[in-house]
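Residue-level structure breakdown
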Amino acid sequence: MEEQIAKESHRLSSIEAEIAQVENSIKNIKEGNFGDESAELSSLLTENSKLKFRLEILNKAIANERKQMSSSSNSPTEVISIIKHLYDIFYNTTKAIFPQFEDPICVISSQTNKSDYQCNSAMPLSSKLKQLNVQMSSLDIAKKLVENLPYSPLIERTEITGPGFISIFLTKDYAKTFISLILNEGVKPPPMKKLRVVVDFSSPNIAKQMHVGHLRSTIIGDSISRLLEFLGHDVLRINHLGDWGTQFGMLIAHLEDIFPNYVNESPPIADLQAFYKESKKRFDEDEEFKKRAYDRVVKLQSGEKNSTKAWQLICDVSRREFQHIYDLLDVKIVERGESFYQSRMESLVKELDEQGLLEEDEGRKIMWGEKTEGEIPLTIVKSGGGFTYDTSDMATIKQRIEEEKADWIIYVTDAGQATHFKSIFACAKRAGILDPSKIRIDHLGFGVVLGEDGKKFKTRSGDTVKLSDLLEEGTRRSLEKLKEKERDKILNEQEIIDATNNVAYGCIKYADLSKSSRNDYVFSFDRMLDDRGNTAVYLLYAYVRICSIARNLGEEFNKQMPKLKKETPIVLDHEKEWKLAKVLIQFPDIIEKILRELNIHYLCDFLYHIATTFTEFYDSCYCIQKNKQGEVVKIDVSRVLLCEATAAIMAQCFDILGIKTLKKV
Ligand code: ARG
């Protein structure tokens, strides 16, 4: 129907143009510019009245269709991204007015304090037209855009300001529908095409400590995966463990010496890090040992039984440690380490060689991507014949595209690996493995974690911080805080344990996710456990309070809730009600933005924005009135429902962030 209205509007403007032309001729004749040609005048006058009649009919038809459309769109069944919707209609209008542009500029910005949304295309369009020798002021372009804009159930009105900014004001009806939808059907994602997405994250290395960098990758990767899963995508979460390579030779050789019975009995390696250090020392000092270590790598990579067994035992020790962290943080991930790609690397290298893509370089086989300045070639085969991190990542792309049928691949690692992934993507393109027009591929590189002194995050003695120690300290501090607030007097034992953990892990995750992941971030327990400002503690408490508004109305009232949600019209008359609603309806916009930029901190900003706007609303709009005795005398159901919708959206955000909420505080 929208299309039909657009067509009719188009006809309408051409009739209007015809009328203007006819009227102009009439005026000319009347003013005697062309002599007294009364025959022509009368025929023009007839023409004019005919046109006006057609105009009237068309206008009526459009009004009718708009009415129908608005009544049907008052109950849309899907939440939509407002920015996307506005973009689409402004884009199509621009294209219809300026057919000379194949893909016209269209700029829509989100809410400002002056307007709800804004279209800022007129200025760039004007300069683009100038380049084509068409003079049209940005103000005229803005007017033209507004005149030709098709009907939208979201737009209340538009207003042109300055040199041609178009302020867009939203209808309350749309917000009311959005809120009803959330209340009755839950928080649903905006509709989109379902994709198969591989997210490669966490990915620590066997026998080495999982450090804060891996913690960041784990937290960010899990949250991105949760978001994609919420959107209905088919997500494969992959733990690309560093479980293959030369260091295993020395680990195996060392194990053979220390636990000769390892084939029959699990070796008691308590501290794999220390074990790694010992074997490294021997490797550096003892030629004999070094030789044996090299031999064990070859054996391992060719699948020899005992070496494989030793390797598995070593991996198991690490795996248990990693799993402990994943359990605490409630992160699900499938292990698929570098070793998985051994046979695939062999055939890949062959293929690349056959395609003539590999070059000899001092005994190594290297591959260039784009050969641009500053590019480093990949080392596909080492001079000794072994494979590298580069080889395995070429294999990951191929495997994920060809076997996993991925539409989208995301690698979450520290930003220091940006060059590596740039080369990998370029080489994969060159080898015909990756077609970027069909597959989206991203390296989500994040900044380093810094200590409060602004230097790399280390323990006082300068060692890397053990993650399990870090998480333990988080829970210790979180419990301390809860006791400080005397929560232990209100909560039972289990509730205290849950609150301690949820606050601790929630804070650690939130502190990480709420900063742009591209930047470095300072790890500070004091800051993250603060209950003021943009922190998880503040938000978790705010959330519990919002939930308790309806809950405190008692069982009787809450039993009625489903019926009330269905039947109560939402009122947005108060300025603060409307303000809160306008924040809530941005949820799909925020999701679209995160998808585009792959930066989850927008969701944290949004959550904080909801909480602060809610406070404004709650401070000035009573939801429940009580008398002096504390008895409820009046309930504003629409407002209580607004609280419920707020809580529902917040809960969904927490879920995407991987943060567990609290039942009470
Ligand atoms: N193990 C690597 C590290 O610790 C991260 C691996 C990331 N994934 C990948 N496919 N390269 O830095």
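Since this is a predicted model, take the numbers as computed values, not measurements. Residue positions are counted from 1 within each chain, in the order its sequence is given. Per-residue local features are limited, in this predicted model, to residues with pLDDT of at least 70; the limit for side-chain atom pairs, both in listing and counting, is 80 or more; totals at the level of whole chains, interfaces and linings are taken over all residues. Only hydrogens and water are set aside when side-chain values are computed; all heavy atoms of the structure are taken into account.

1. Here we look at the overall build of the protein chain
Within the protein chain one finds 24 helices and 16 strands. In this scheme, a residue with accessible area under 20% of its type's maximum is buried, one over 50% is exposed, and one in between is partly exposed, where area comes from a 1.4 Å probe on protein chains only. In the protein chain, which comprises 665 residues, the proportion classed as buried is 50%. Considering only contacts within the protein chain whose residues lie at least 6 apart along the sequence, 73% involve residues at least 24 apart. Runs of E in the DSSP output that reach at least two residues are strands. Runs of H or I that reach at least four are helices, and both are numbered from the N terminus. Should any heavy atoms of two residues lie within 4.5 Å, those residues are counted as being in contact.

2. A word on the confidence of the model for the protein chain
Across the protein chain, the average pLDDT comes to 90, with 90% of residues at 70 or higher. This stretch, residues 69-75, has a pLDDT under 50; its non-local contacts, to residues over four places away or in other chains, come to nine contacts. Each residue gets a pLDDT score, which is the predictor's confidence in that residue and runs from 0 to 100.

3. Re the pattern of salt bridges
Whenever a carboxyl oxygen of Asp or Glu lies within 4 Å of a side-chain nitrogen of Lys or Arg, that contact is scored as a salt bridge. Counted according to the given criterion, the structure contains 47 salt bridges. Between Glu256 and Arg296 there is a salt bridge, with its nearest N and O atoms 2.7 Å apart. Linking Glu256 in helix H8 (residues 247-258) with Arg296 in helix H10 (residues 287-301), this pair joins segments that are 40 residues apart in sequence. A salt bridge links Glu403 to Arg344; the shortest N-O distance between them is 2.8 Å.

4. A few points about the environment of Met561
For Met561, the location among the structural elements is in helix H20 (residues 561-567). A C-alpha to C-alpha distance of 9.7 Å links Met561 and Val637, two positions 76 residues apart in sequence. Non-local contacts of Met561, meaning those with residues more than four positions away in its chain, are made with Ala550, Val640, Leu641 and Glu644.

5. Structural notes on the sheet that holds strand E4 (residues 165-170)
Taken together, the four strands give an open sheet; going across it, the order is E1-E2-E4-E3, and neighbouring strands pair in antiparallel fashion. Where the open sheet ends on each side, the last strands, each with one partner, are strand E1 (108-109) and strand E3 (155-161). Inspection of the sheet shows E1 paired to strand E2 (residues 117-119) by two bridges, in the antiparallel sense. The partner of Ser109 across the bridge, within E2, is Gln118. Strand pairing is assigned whenever DSSP detects at least two bridges linking the two strands.

6. Here's the deal with the nonpolar core
To qualify as a nonpolar core, a set must consist of buried Ala, Val, Leu, Ile, Met, Phe, Trp, Tyr and Cys residues joined through side-chain atoms within 4.5 Å. Phe178, Met394, Ile410, Phe587 and Ile649 are the most contacted members of the largest nonpolar core, which totals 194 residues. Those residues within four positions of Ile649 in sequence are excluded, and the remaining contacts are Phe178, Ile182, Val187, Leu584, Phe587, Phe606 and Ile610.

7. Details of the site of the ligand
Near residues are defined by distance, with any heavy atom within 4 Å of the molecule or strand qualifying the residue. Residues in close proximity to the ligand include Asp200, Ser203, Asn205, His214, His240, Tyr389, Asp393, Tyr411, Thr413, Gln417 and Phe421, which together make up its full environment. Here a nitrogen atom of the ligand sits 2.9 Å away from a polar atom, N or O, in the main chain of Ser203. Gln417 is positioned such that a nitrogen or oxygen atom in its side chain is 2.9 Å from an oxygen atom of the ligand. When the free accessible area of the ligand is taken as 340 Å², the share hidden by the protein chains comes to 90%. Among the elements of the structure, helix H13 (389-403) and strand E11 (408-414) are those that each provide at least two residues to the shell around the ligand. For this classification, the nonpolar set comprises Ala, Val, Leu, Ile, Met, Phe, Trp, Tyr, Cys and Pro, the charged set comprises Asp, Glu, Lys and Arg, and every other residue, Gly included, is treated as polar. Each residue belonging to the shell around the ligand can be placed in one class, and the counts come to three nonpolar, six polar and two charged. Whenever a nitrogen or oxygen atom comes within 3.5 Å of another N or O atom, the pair is scored as a polar contact, on the condition that within protein one atom can donate a hydrogen and the other can accept it, and that pairs from neighbouring residues in sequence are kept only if both atoms are in side chains. Reported accessibility uses the Shrake-Rupley method at a 1.4 Å probe radius. Residues are deemed covered only where the shown protein chains occlude them.

8. What to know about the sheet that holds strand E9 (residues 364-367)
An order of E8-E9-E10 is seen for the three strands of this open sheet, with the pairing classed as antiparallel. The outermost strands of the open sheet, each flanked by one partner alone, are strand E8 (359-361) and strand E10 (378-381). For this sheet, the mean angle separating the axes of adjacent strands, direction not counted, is 50 degrees. Axis lines are fitted to C-alpha atoms, over the contacting stretch for helices. Their N-to-C directions set the angle, which ranges from 0 to 180 degrees. Here H13 sits on the sheet and contacts E9 and E10; the angle it forms with E10, its principal contact strand, is near 90 degrees.

9. Regarding the packing of H8 against helix H9 (residues 272-285)
Helix packing for two helices is described by the angle between their axes and how far apart those axes are. Where H8 meets H9, the closest approach of the two axes is 9 Å, and the angle between their N-to-C directions is 100 degrees. As summarised for this structure, H8 and H9 are arranged roughly perpendicular, according to the angle between their axes. Note on element contacts: H9 touches H8 through Phe275, Tyr276, Glu278, Ser279, Lys280, Arg282 and Phe283, opposite Gln247, Met250, Leu251, His254, Leu255, Asp257 and Ile258. Across the contact of H8 with H9, the residue classes break down as seven nonpolar, three polar and four charged. Working rule for angles: under 35 degrees goes down as roughly parallel, over 145 as roughly antiparallel, 65 to 115 as roughly perpendicular, anything else as oblique.

10. Some words on the pairing of strand E12 (residues 440-446)
Most of E12 is tucked away: six of the seven residues are buried. Sheet analysis places E11 next to E12, joined by seven bridges and oriented parallel. For Ile410, the partnering residue across the bridge sits in E12 and is Asp442. Handedness is read with the strands pointing away from the viewer; a crossover is right-handed when the path from the first strand over the helix to the second is clockwise. Regarding topology, helix H14 (residues 418-430) serves as the crossover connection from E11 to the parallel E12, and that connection is right-handed.

11. Concerning the side chain of Thr94
Along the polypeptide, Thr94 turns up in helix H3 (residues 82-97). By relative accessible area, Thr94 is classed as buried at 0%.

12. Quick notes on the packing of helix H4 (residues 122-131) against helix H5 (residues 138-148)
At their nearest, the axes of H4 and H5 sit 8 Å apart, and the two run at 115 degrees to each other. Here H4 runs over H5; the crossing is right-handed. Contact with H4, carried on its side by Ala122, Met123, Leu125, Ser126 and Leu129, involves Ser138, Ile141, Ala142 and Leu145 of H5 and no other residues of that element. The residue makeup of the contact of H4 with H5, split by class, is seven nonpolar, two polar and no charged. Rotating anticlockwise by less than a right angle from the far helix to the near helix defines a left-handed crossing, while the corresponding clockwise rotation defines a right-handed one.

13. Observations concerning helix H16 (residues 493-513)
Helix length check: H16 (21 residues) gives 30 Å between terminal C-alpha atoms against 30 Å at 1.5 Å per residue, within 8%. Counting buried residues along H16, 15 of its 21 residues qualify, which places the element largely inside the surrounding structure. The opening residue of H16 is Asn492, an N-cap whose side-chain oxygen sits 3.1 Å from the backbone nitrogen of Gln494. Helix span is expected to be 1.5 Å times the residue number reduced by one.

14. Overview of the packing of aromatic side chains
In summary, the pairing rule links any two rings of Phe, Tyr or Trp, Trp by its six-membered ring, whose centres are within 6.5 Å, and it sorts them by plane angle into stacked for under 30 degrees, edge-to-face for over 60 and tilted for everything else. Within this structure, the stated rule accounts for 18 aromatic pairs. Note on Phe98 and Phe101: the rings are 6.2 Å apart at their centroids and 55 degrees apart in plane angle, and the pair reads as tilted. In this pair, the class of Phe98 matches that of Phe101, namely buried. Both rings, one in Phe283 and one in Tyr294, keep their centres 5.7 Å apart while their planes meet at 75 degrees; by these two values the pair is edge-to-face. Here Phe283, found in helix H9, pairs with Tyr294, found in helix H10; they are 11 residues apart in sequence, far enough to count as distant. On the basis of relative accessibility, which here comes to 13%, the residue Phe283 falls in the buried class. An aromatic cluster is present here, built from Phe457, Tyr521, Phe523 and Phe525 joined pairwise through their rings. Geometrically, a charge over a ring is one whose NZ (Lys) or CZ (Arg) sits within 6 Å of the ring centre while staying within 35 degrees of the ring normal. The ring of Phe340 carries Arg336 above its face, with NZ or CZ at 4.7 Å from the centroid. When the ring centre of Tyr622 is taken as origin, the NZ or CZ atom of Arg639, which lies over that ring, is 5.5 Å away.

15. Side note on the environment of Phe101
Mapped onto the elements, Phe101 comes out in the loop between H3 and E1. You can call Phe101 buried: its relative accessible area is 11%. Sequence-wise, Phe101 and Leu129 are 28 residues apart; in three dimensions their C-alpha atoms are separated by 9.2 Å. In contact with Phe101, other than residues within four places in its own chain, are Lys95, Leu125, Lys128, Leu129 and Leu132.

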